[in-house]
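# Coordinate inspection notes
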Amino acid sequence: MAKSLYQTLNISEGASPDEIKKAYRKLARQYHPDVNKSAEAEAKFKEINGAYEILSDPQKKAEYDRYGDSMFNGQNFSDFSRSYAGADFNDILNSIFGGKGRGFNNGGFGSFGSNGSGGFSGFDFGAENSIDLDIEANITISLKSALLGDKVRVNLNNYNFELKIPEGITNGSKLRAKGKGKKLGNMTGDAIITINIALQDGYKIDDYNIIQEINVPLKAMLFGDKVEVKTLQKDITIKIPENMQNGQKMRIENMGFKNRKTGEYGDLLLQVNAKIPDSKNFSPELRELLQKEL
């Protein structure tokens, strides 16, 4: 069964939606009448947009894949589209596939001038990347969201959507939000979102490790003790050894950032600081003893 729509866009029948869109964009730049002044550009551009309109719509594509070029009276799509050069091609295709079209004639790029020589408005195809509809943006998330993963609400380019933050995302990483970019006709770009991590007081990031400062009683530093610590992940109990030095670090394995390439985890480094009591609350005897012994 002949299926010339795929030939029109120079793609295989198994092409993915992204491959269909990429092929269309390439051909649209090549044959846009404001760029291509050849005699056939206008007809070719209309043909390309008609093919894309069908193949980018899952329902229309499924119908075409079932019946092929028999839907065009057995003609290949190029000959079929050119045979209706003087008619409203949008109406012709709508009568075949049914439903309200989205602008087969020019794919929503603007309108031809009445002299038929082009005169498209609303978009500049002159530059190589002129049809790039992606946008770039930045968002700031909490350290906990970056460490554990999260879902955050994003308001961007008139879209309000939920963005999934993967576990272990690092500062400066980029996420792609499909279909949240600029719109042009029946095409929509993506949003490329750079992630910034807001650090909290008492925390630092060291590669895939997290450094967290904790304050423990002086008594525990001198004589040892068990201390409850609230971390970003969960509450844990650590054992403070006797005569621990102020600022010394304790390593808690596998409680840091996840390496998204290897699946391994960094560590949590607890920087232990002594919480000095107010000596004014000491008894006179203790104050005298400390001043003598220290």
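Preceding this section is the structure that the text describes.
Residues numbered from 1 in each chain as written. Predicted model: local features only at pLDDT ≥ 70, side-chain atom pairs only at ≥ 80, totals over all residues. Heavy atoms only, no water.

What follows deals with the overall build of the protein. Of regular secondary structure, the protein possesses nine helices and 13 strands. Looking at the protein as a whole, 43% of its 294 residues qualify as buried. Nonlocal contacts in the protein, meaning residues at least 24 apart in sequence, comprise 53% of its contacts between residues at least 6 apart. On the protein, roughly 16,900 Å² of surface is accessible, and the fraction owed to carbon and sulfur atoms is 45%. (Helix = DSSP H or I, 4+ residues; strand = E, 2+ residues; numbered from the N terminus. Buried < 20%, exposed > 50% of the residue type's maximum accessible area, 1.4 Å probe, protein only. Contact = heavy atoms within 4.5 Å. Areas by Shrake-Rupley, 256 points an atom, 1.4 Å probe, with all protein chains shown as cover.)

Moving on, we come to the nonpolar core. In this structure, L163, I193, I238 and L270 are the most contacted members of the largest nonpolar core, which totals 42 residues. Among residues more than four places away in sequence, those in contact with L163 are I139, D150, K151, V152, V154, L175 and I193. Formed by 27 residues, the second largest nonpolar core is a distinct cluster that contains A15, I20, Y31 and F77. (Core = buried A, V, L, I, M, F, W, Y, C linked by side-chain atoms within 4.5 Å.)

The subject of this paragraph is the sheet that holds strand β4 (residues 174–177). If you trace the three strands from one edge of the open sheet to the other, you get β1-β7-β4, paired in mixed fashion. Two strands bound the open sheet, and with one partner strand each, they are β1 (135–142) and β4. On average, adjacent strands in this sheet sit at an angle of 35° to one another, irrespective of strand direction. Two strands pair when backbone bridges link them, and β4 and strand β7 (residues 191–198) are joined in this way by four bridges, in the antiparallel orientation. Bridge pairing links L175 to I193 in β7. (Pairing = 2+ DSSP bridges. Axes fitted to C-alpha atoms, helices over the stretch in contact; angles between N-to-C directions.)

As a further point, take the sheet that holds strand β12 (residues 249–252). Taken together, the four strands give an open sheet; going across it, the order is β8-β9-β13-β12, and neighbouring strands pair in mixed fashion. Unpaired on one side and paired on the other, β8 (203–206) and β12 mark the two borders of the sheet. Ignoring strand direction, the axes of neighbouring strands in this sheet form an average angle of 30°. In this structure, β8 lies alongside strand β9 (residues 209–217), joined through four bridges in antiparallel fashion. By the bridge assignment for β9, D206 is matched with N209.

Here the focus is unusual backbone geometry. For N157, which is not a glycine, the phi torsion comes out positive at approximately 55°. Position of N157 among the secondary structure elements: in the loop between β2 (150–156) and β3 (159–165). Backbone geometry places N158, a non-glycine residue, at a positive phi of 70°. Tracing the chain through its elements places N158 in the loop between β2 and β3. Residue N158 is classed as exposed on the basis of its relative accessible area, which comes to 82%.

Before going further, it helps to examine the pattern of salt bridges. Counting across every chain of the model gives 10 salt bridges. In this structure, E13 and K3 form a salt bridge, with 3.5 Å as the shortest nitrogen-oxygen distance. Taken together, the residues E13 in the loop between α1 (4–8) and α2 (17–31) and K3 in the segment before α1 connect sequence positions 10 residues apart. Residue classification places E13 among the partly exposed positions, given a relative accessible area of 45%. Its salt-bridge partner being D190, residue R176 comes within 3.0 Å of it at the nearest N-O pair. Remark: D190 occurs in the loop between β6 (187–188) and β7 and R176 occurs in strand β4; sequence separation between them is 14 residues. Look at R176 and you get partly exposed, because its relative accessible area is 48%. The exposure class assigned to D190 is buried, which follows from its relative accessible area of 10%. (Salt bridge = Lys/Arg side-chain N within 4 Å of Asp/Glu carboxyl O.)

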